[in-house]
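Observations on the model geometry
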Amino acid sequence: MKTDTKDTFASSRETYLRRIFVILMMLVSGVAVQAQTWYMENGDTVRIIGCQANAGTLYDDGGADGDYNNNFSGYAVIEAVEGATISLSGTYNQEECCDRLSIWDGNMMTGTKIVDEIAGTGTFNVTATSGVVTIWFHSDGSVTSSGFEITWNVQGISTTCSGSASGLTVDAVSVTG
């Protein structure tokens, strides 16, 4: 039986293009998972774990463009791999007398407070070495403002994710120097 080389070439080209498409989709979904935007929730704890904790941005409940709400109290916990270094930088603009932002290296009960109830307007850059960061924000019932924006990045040890944002799996843990 004679095989048409034109059909064989078209079939291999189609297979090749499909493989490239699958690889590109995996790369795009991996990048989308690596740095996400998160928002604090009143009366609740936002948990950012595994590969989602590698890098991201956290806002108060008002987000990037709005003011936070009165009578707000919420937590966010970033849980990277144990022993990872988490670098955080942020800006804040909140009521001077009564609204507070605190950050712990580790959990709130046993960790070390690395940002101690800041208020007013300013910036900060801190590093946590436990692989866990707890962030707490509280506002009273009077004045609100634009709030805070905190960005973070895990260094040294991080998890690698694959799949879509709705079905994440951890492929590996990588160590970088």
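See above for the structure.
Residues numbered from 1 in each chain as written. Predicted model: local features only at pLDDT ≥ 70, side-chain atom pairs only at ≥ 80, totals over all residues. Heavy atoms only, no water.

Per the counting criterion, the structure on display carries 1 disulfide. Between the sulfur atoms of Cys97 and its disulfide mate Cys98 the distance is 2.2 Å. In this structure the cystine formed by Cys97 and Cys98 twists about its S-S bond by roughly -95°; its chirality is therefore left-handed. On the basis of relative accessibility, which here comes to 26%, the residue Cys98 falls in the partly exposed class. (Disulfide = S-S within 2.5 Å. Buried < 20%, exposed > 50% of the residue type's maximum accessible area, 1.4 Å probe, protein only.)

What follows deals with the packing of aromatic side chains. Taken as a whole and judged by the stated rule, the model has 5 aromatic pairs. The interplanar angle of 45° and the centroid separation of 5.8 Å between the aromatic rings of Phe72 and Phe137 together place this pair among those described as tilted. One end of the pair, Phe72, is in the loop between β3 (55-59) and β4 (73-79); the other, Phe137, is in strand β9 (residues 132-138), and 65 residues separate them in sequence. A single burial state applies to Phe72 and to Phe137, both of which are buried. Where Phe137 meets Phe148, the ring centres are 5.3 Å apart and the plane angle is 65°; that geometry is what we call edge-to-face. Pair noted here: Phe137 is in strand β9 and Phe148 is in strand β10 (residues 147-155), with a separation of 11 residues, a long-range link. (Phe/Tyr/Trp six-rings, centres within 6.5 Å; stacked < 30°, edge-to-face > 60°. Helix = DSSP H or I, 4+ residues; strand = E, 2+ residues; numbered from the N terminus.)

On to the side chain of Thr134. Mapped onto the elements of the fold, Thr134 is located in strand β9. For Thr134, the side chain forms a polar contact with the main-chain oxygen of Gly106, separated by 2.8 Å. (Polar contact = N/O pair within 3.5 Å; in protein donor to acceptor, adjacent residues only side chain to side chain.)

Successive residues of a regular strand alternate their side chains across the two faces of the sheet. Pairing of strand β2 (residues 45-49) with β4, which is carried by 5 bridges, proceeds in the parallel orientation. Paired with Arg47 across the strands is Val77, a residue of β4. Bridging between β4 and β9 involves 7 bridges; their strand directions are antiparallel. The residue bridging Ser73 from the neighbouring strand is His138, located in β9. (Pairing = 2+ DSSP bridges.)

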